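Spelled out from the first residue to the last, the chains are:
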Amino acid sequence: MEGFLEPFPIIENVIQKLVSLKFDDYIVSFVKDDSSQLRFADNQFTIAKNWTSATLKIFGVKQQKTVSTEINNLTTDVIDNTLENLGKLAIALPINDNYLGISEGPFSYPTIEQLIDPKYDDFHSKAVDNVELAINTALEEGAKRSAGVLYWRKIEEIFLSSKGATTQHSKTSYEFTIRSFLDSQTSGQGVSVGCISDSINFEKAGRQAGEIAKLSEGGGEGKPGKYNVILSPTVAADIIAATPRSANPFSVEIGFSWLKDKIGEKIGPENLTVYDDALLPNGLGSKPFDDEGHPTGRNVLIEEGILKGFIHNTSTAKKANTMSTGNAGLVSPENSNIFFEPGNHTLDELMELSKGKPTLYITSNWYTRFTSYIDGIFSTIPRDGIFLIENGEIAKPVRELRISDSMLNIFKNIKMLGKDLTQIKWWEVYVPTFIPSILIEDVNITSATN
Amino acid sequence: MESFPYELVEKTIEYGQDLGLPYIEARLVDLSINSTILKNGVPELGSLDRSLGIGVRVLREGGMGFSSFNNLTLDSMKKAVDFAAKMAGEIGWRRKTKISFSDENVNVAKYSSKGDQNKRPLDVEPEEKLDLLLNFDKIITEVKTASIPFRFFMSLDETEKKFILTSEGTKIESEIDRVHLYGLITAVNSTTGNMEQVFLQKGKSGGYESYDYWKMEDYIENQVKILSKIVTEAKPAPKGKIDYVLGPSMIGIVCHENQGHPSEADRILGREGAQAGESYLKHEMLGQRLGSEAVTIIDDPTLEGSFGFYLYDDEGVKSKPRFLLKNGLFKDMFHNRESAAFMNTSSTSAARAIGYNREPIARMANTYLEPGDYSKEELIEDIKLGALVINFTEWNIDDRRYHSKYVGLEAYLIENGEVKNLVRRPVIEVTTPKLWGSVDAVAKESYLEFDGVMCGKGEPTQGAPVYCGGTYMRMRDVEVR
């Protein structure tokens, strides 16, 4: 095991081996990961965790046959043996007609602010107190008990490709979610995430979770029907950002997207512009290079309601007669951060705008599932606070409702965006998303029968 | 397992004991995964993934710590144990209710579930694995009754070797092969524009003999033909107060979602409150009636060849069947040793950790509705208006597992005791008590089938292989809006 965590000798050995096995192209990435987690429930810590790992990720191309391996067992024997088998696998496979190359360097890479937290090493000793601050704040707001999770993580990546990409990258991240309860059906959630610890507001997240829980007290069963809905950033990051996430050629080709043949079409209102933006300071998905070593950037997906394009790697871009957007994914292009241009309205103003129509304010949701991806028909369950809005104000909490609609409908029916731009990532939202509260008209709401 | 670093696992336990920890366990996992992706007939990627690492869990001062590492040196091990011990102590003294484990037998055992000779994952050549997928794809393209514009397959196989050692003396060694297949097929009626999709999911412990067991070629051909018929022939689904007969796939998903998840004791205790959620069930509801006499739901990890097979759980507790509902009464929960201690009971052998870098939490294994005595025809013969729903597209349920919605895929109108035309997207949107309370008859064992699927839970997510299944069951008087 000597030299186990010295990446350069391992990478050198891997490249020699790949060349000797006559791979035409290759990508090698070595990632060191040090992650920690605190989980809590019923106002008490349930477990503390730490993971350290080193992982070698290799993509190889031989006579247009594409193979990959991820090796977490970094002994020389296992690496050599796995690469031998990778070579045999490449010979055994037929040609991948969809593979059209990897990006050719050399490259210069963008500098992204606020990706490394200078206070990361100090955070370990503060994590417990920060979480307790959030729990205690939720209690002050009237919550009885809180559950949640805090991650803090540091990764270091060394990257090179046979096409001249050679680079390194380090990043820290923090993800905090708190869900507070008055009882099992009365709850609220707060989320705070970013790359820099100073950007994580534990108190605000706890206050939000506690406040929503308290406001939800006494909620009765809601009635199904058509409603205007105001989605909090947490909900919008799941079901509104699902449409720009679906602007992916791989998803389109397997029937996993509702945006086939829609480039150039108006799919949303004119006040809606959305980017995939890998350069956002403090963005959990920000990164200077993609999985081919291609420099990342800011790419418009939807401009004034019109679907302008998809994210791409080299192969999908060539197939579509366009350029890589710096979103490789070796098989499927991958989003970095989804960014919605915010509006100018406060939450109160969004409620006021919906005056005269039955309106729900939905603060959190869970379990989005599809009847059909290709036409975007789905359901999702609001959880935590749901509020009936009357005369532009919260009238009462309601429960036990489901959004059952289509992704294209709700996107088309976006009326107005708030100015409370928030970065969201949590258990239900896996792509970091910067998004405000959003008012949507005529959304179909259903409920279960007894 | 010649190169398995048993000694480091033993030293991990010794080191924890030297630190005076009241409990320490170490889990060494060696995992080999091979996968192939086929998109619209084109092989997009062949992959080989290899991992080896150790996960350590400790108790100290009523707190719990976990750490994992894959740099298998003494130094890394000590750092991992030191972290877990320090953090367990730091959070433990703050807890009002201390974490402890239920008393269980100390087990020493070795078992395996391997594929047939020459059919184990690493024995089968990549060409053979790919040929399977190419053949499935060809079957789809030969169906001409509707346009099939999108076809996607991913096959995976794995061999997982595991060695668990605890400071109490438990020592479990296992080796399990598994194969999985995922597919997504889309059919389009080019005249009407109707589109439907079917997810194909198969999973089993064992090797490539599983594909013969599944009769995959027939299965895929049948699925595509039905999908094509749905987009061309299906009529609107009936509404009003109707009866439903659910098939094995539908029963499997409702058993899993509406009764399996809410029976997880960690959810009932609130430990998953911010992620997978809590439960409509409470500890004090044990023994209460939650369904009709016809409903007995079992979860059995010991089913040989099943996707969720294990003989000892990840805390070394010997596995056994759990009766989630017994003739409609709430009987068993899924417990690991932590939740069992909180409820002053014994583990129900539900602790599963998916990977060396995950903690063992309460999970399902193989959940199914116990067969009854009826034939399928007997279930249908006195239904005036209803639907026979074989499988599903959408499944949606709240985090307390009380309000559920399922949308059928292959479904037929039942009228005056006869199965008639296909119907499109019938919706079953009912509460869990209504679901189990409306069941009045279940078909016999000869119809029993399982789906092998991955179940999601935990943070970070742990995708656990499970079986879900059943025969046929009849639901009376379901209101469809």
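Residues numbered from 1 in each chain as written. Chains lettered and ligands numbered in written order. Predicted model: local features only at pLDDT ≥ 70, side-chain atom pairs only at ≥ 80, totals over all residues. Heavy atoms only, no water.

Draft legend 1. Region of the structure containing the overall build of chain A. Along its length, chain A carries eleven helices and 20 strands. Radius of gyration (C-alpha) of chain A: 24 Å, near the 22 Å computed for a compact globule of 450 residues. Reported as C-alpha extents along the three principal axes, the dimensions of chain A are approximately 70 × 50 × 45 Å. In chain A, the proportion of contacts linking residues at least 24 apart, taken out of those at least 6 apart, comes to 72%. Taken as a whole, chain A presents about 16300 Å² of accessible surface, with 47% of it coming from carbon and sulfur. If the 43 positive side-chain charges of chain A are averaged to one point and the 58 negative ones to another, these points end up 4 Å apart. (Helix = DSSP H or I, 4+ residues; strand = E, 2+ residues; numbered from the N terminus. Rg over C-alpha atoms; globule rule 2.2 N^0.38 Å. Contact = heavy atoms within 4.5 Å. Areas by Shrake-Rupley, 256 points an atom, 1.4 Å probe, with all protein chains shown as cover. Lys, Arg positive; Asp, Glu negative; His and termini not counted. Charge placed at Lys NZ, Arg CZ, Asp CG, Glu CD.)

Draft legend 2. Up close: the overall build of chain B. Counting its secondary structure elements, chain B contains ten helices and 25 strands. Seen through its principal axes, chain B has C-alpha atoms that stretch 75 × 55 × 35 Å. A buried classification covers 66% of the 481 residues belonging to chain B. Surface summary for chain B: the accessible area is close to 16700 Å², and the carbon and sulfur share equals 47%. (Buried < 20%, exposed > 50% of the residue type's maximum accessible area, 1.4 Å probe, protein only.)

Draft legend 3. Looking closely at the packing of aromatic side chains. Under the counting rule described, the total for this entry stands at 37 aromatic pairs over all chains. Arranged with centres 4.8 Å apart and planes meeting at 70°, the rings of F123(A) and Y174(A) form a pair that is edge-to-face. With F123(A) in helix α3 (residues 120–123) and Y174(A) in strand β5 (residues 166–183), this pair connects stretches of sequence that are 51 residues apart. Accessibility expressed as a relative area gives 4% for F123(A), which makes it buried. Looking at Y174(A), the relative accessible area reads 0%, which means it is buried. Between Y111(B) and Y312(B) the ring centres are 6.0 Å apart and the planes differ by 45°, which places this aromatic pair in the tilted class. Of the two residues, Y111(B) sits in strand β4 (residues 108–113) while Y312(B) sits in the loop between β10 (297–299) and β11 (322–326), which places them 201 residues apart along the sequence. For the residue pair Y111(B) and Y312(B), the accessibility class agrees, reading buried in each case. Ring-pair connections join several aromatic residues into one group, and the members of that group are F40(A), Y120(A), F123(A), W152(A), Y174(A), F176(A) and F202(A). (Phe/Tyr/Trp six-rings, centres within 6.5 Å; stacked < 30°, edge-to-face > 60°.)

Draft legend 4. Fine view of the sheet that holds strand β16 (residues 385–389) of chain B. Residues and elements named next belong to chain B. One open sheet holds the seven strands; their spatial order is β8-β20-β19-β16-β9-β25-β22, and the pairing between them is mixed. In the strand order of this sheet, the two ends are held by β8 (235–236) and β22 (439–442), each with one partner. As paired elements, strand β9 (residues 240–246) and β16 share four bridges and run parallel to each other. What sits directly across from D243, in β16, is G386. Here helix α6 (residues 248–260) sits on the sheet in contact with β9, β16 and β25 (473–480), set at roughly 100° to β9. (Pairing = 2+ DSSP bridges. Axes fitted to C-alpha atoms, helices over the stretch in contact; angles between N-to-C directions.)

Draft legend 5. The pairing of strand β6 (residues 171–188) of chain B, seen in detail. Residues and elements named next belong to chain B. Here β6 lies mainly inside the structure; 16 of its 18 residues are buried. Looking at chain direction, β4 and β6 are connected through six bridges and run parallel. Looking at the pairing, V108 lines up with K171 of β6. Pairing of strand β5 (residues 147–166) with β6 involves 17 bridges; the strand directions are antiparallel. Bridging across to β6, L165 finds its partner in K171. Counting the residues that bridge the hairpin from β5 to β6 gives four residues, and of these G169 lies at a positive phi of roughly 105°. By the bridge criterion, eleven bridges tie β6 to strand β7 (residues 195–205) in an arrangement that is antiparallel.

Draft legend 6. Seen up close, the interface of chain A and chain B. Across the contact, 87 residues belong to chain A and 83 residues belong to chain B. Our enumeration of links across chain A and chain B arrives at 60 residue pairs in polar contact (both at pLDDT 80 or more). Broken down by element, the residue count for the side of chain A that touches chain B peaks at twelve residues, all from strand β2 (residues 44–62) of chain A. When grouped by side-chain class, the residues that make up the side of chain A that touches chain B number 42 nonpolar, 30 polar and 15 charged. The pairing of strand β3 (residues 65–71) of chain A with strand β2 (residues 42–60) of chain B spans five bridges and is parallel. Looking at the pairing, I71(A) lines up with R50(B) of β2(B). (Polar contact = N/O pair within 3.5 Å; in protein donor to acceptor, adjacent residues only side chain to side chain. Nonpolar A, V, L, I, M, F, W, Y, C, P; charged D, E, K, R; others polar.)

Draft legend 7. View of the pairing of strand β15 (residues 366–369) of chain B. All names here are of chain B. A two-sided burial pattern is seen for β15, the buried positions comprising N366 and Y368 on one face and T367 and L369 on the other. Looking at chain direction, β10 and β15 are connected through three bridges and run antiparallel. Residue pairing across strands places I298 opposite Y368, the latter belonging to β15. Sheet topology places β15 next to strand β24 (residues 462–470); three bridges connect them, and they run parallel. In the sheet register, N366 faces β24, and the bridge partner there is Y467.

Draft legend 8. Quick peek at the sheet that holds strand β12 (residues 329–330) of chain B. Residues and elements named next belong to chain B. Pairing within the open sheet is mixed, and its six strands lie in the order β12-β11-β10-β15-β24-β23. The open sheet is flanked by β12 and β23 (449–457), the only strands paired with a single partner. In this structure, β23 lies alongside β24, joined through nine bridges in antiparallel fashion. Pairing of G456 across the sheet is with G463, part of β24.

Draft legend 9. View of helix α4 (residues 127–140) of chain A. Residues and elements named next belong to chain A. Along its 14 residues, α4 runs 20 Å from first to last C-alpha, staying within 8% of the 20 Å computed at 1.5 Å per residue. Every buried residue belonging to α4 is among A127, V128, N130, V131, A134, I135, T137 and A138, and all of these are buried. One or two steps after α4, the chain reaches G142, where phi turns positive at roughly 120°. (Expected span 1.5 Å × (residues − 1).)

Draft legend 10. Just the environment of E61(B), in detail. Looking at where E61(B) falls in the secondary structure, it is placed in the loop between β2 and β3 (63–69). C-alpha of E61(B) to C-alpha of E90(B): the two residues are 29 residues apart in sequence and 8.3 Å apart in space.

Draft legend 11. Structural detail: the side chain of Q223(B). Tracing the backbone through its elements, the reader meets Q223(B) in helix α5 (residues 216–233). Ignoring anything within four residues of it in the chain, the contact list for Q223(B) reads V198(B), L200(B) and N391(B).

Draft legend 12. Representation of unusual backbone geometry in the model. In this chain, G105(A) is followed by P106(A) through a cis amide linkage whose omega measures 0°. Notably, E304(A) is not glycine yet its phi reads approximately 50°, a positive angle. Structurally, the position occupied by E304(A) is in the loop between β10 (298–303) and β11 (306–307). Its identity as a non-glycine residue notwithstanding, N416(B) has a phi of 50°, on the positive side. Summarising the element assignment, N416(B) is placed in the loop between β19 (411–415) and β20 (418–424).

Draft legend 13. Region of the structure containing the nonpolar core. In this structure, L231(A), I240(A), F340(A), L360(A), Y244(B), W436(B) and M473(B) are the most contacted members of the largest nonpolar core, which totals 104 residues. When sequence neighbours within four positions are dropped, the list of residues in contact with I240(A) reads L231(A), V235(A), F340(A), I410(A), F411(A), I414(A), I435(A), I438(A) and I440(A). (Core = buried A, V, L, I, M, F, W, Y, C linked by side-chain atoms within 4.5 Å.)

Draft legend 14. Examining the domain arrangement of chain B more closely. Residues and elements named next belong to chain B. Taken domain by domain, chain B holds domain 1 (6–233) and domain 2 (236–480). Computed over C-alpha atoms only, the centres of domain 1 and domain 2 are separated by 21 Å. Each side of the interface is counted separately: domain 1 has 52 residues, and domain 2 has 41 residues. Counting the surface lost from both domain 1 and domain 2, the interface buries some 3800 Å², and carbon and sulfur atoms represent 54% of this. If you sort the residues of domain 1 by the area they bury against domain 2, E104, Y111 and I230 come out on top, with a joint share of 14%. (Domains from an automatic or database assignment. Buried area = accessible area lost by both parts, 1.4 Å probe.)

Draft legend 15. Representation of a negative patch on the surface in the model. Taken together, the side chains of D123(B), E125(B), E127(B) and D131(B) define an acidic patch exposed on the protein surface. Judged by its relative accessible area of 37%, E127(B) falls in the partly exposed class. (Patch = residues over 30% accessible without salt bridge, like charges linked within 9 Å, V, L, I, M, F, W, Y side chains within 5 Å. Salt bridge = Lys/Arg side-chain N within 4 Å of Asp/Glu carboxyl O.)

Draft legend 16. Structural context of helix α2 (residues 76–92) of chain A. End to end, α2(A) covers 24 Å across 17 residues, agreeing with the expected 24 Å (1.5 Å per residue, within 8%). For α2(A), the full list of buried residues reads I79(A), T82(A), L83(A), L86(A), G87(A), L89(A), A90(A) and A92(A). Those residues of α2(A) that are buried lie in contact with α1 (7–20), β2 and β3 of chain A together with β2 and α3 (126–141) of chain B.

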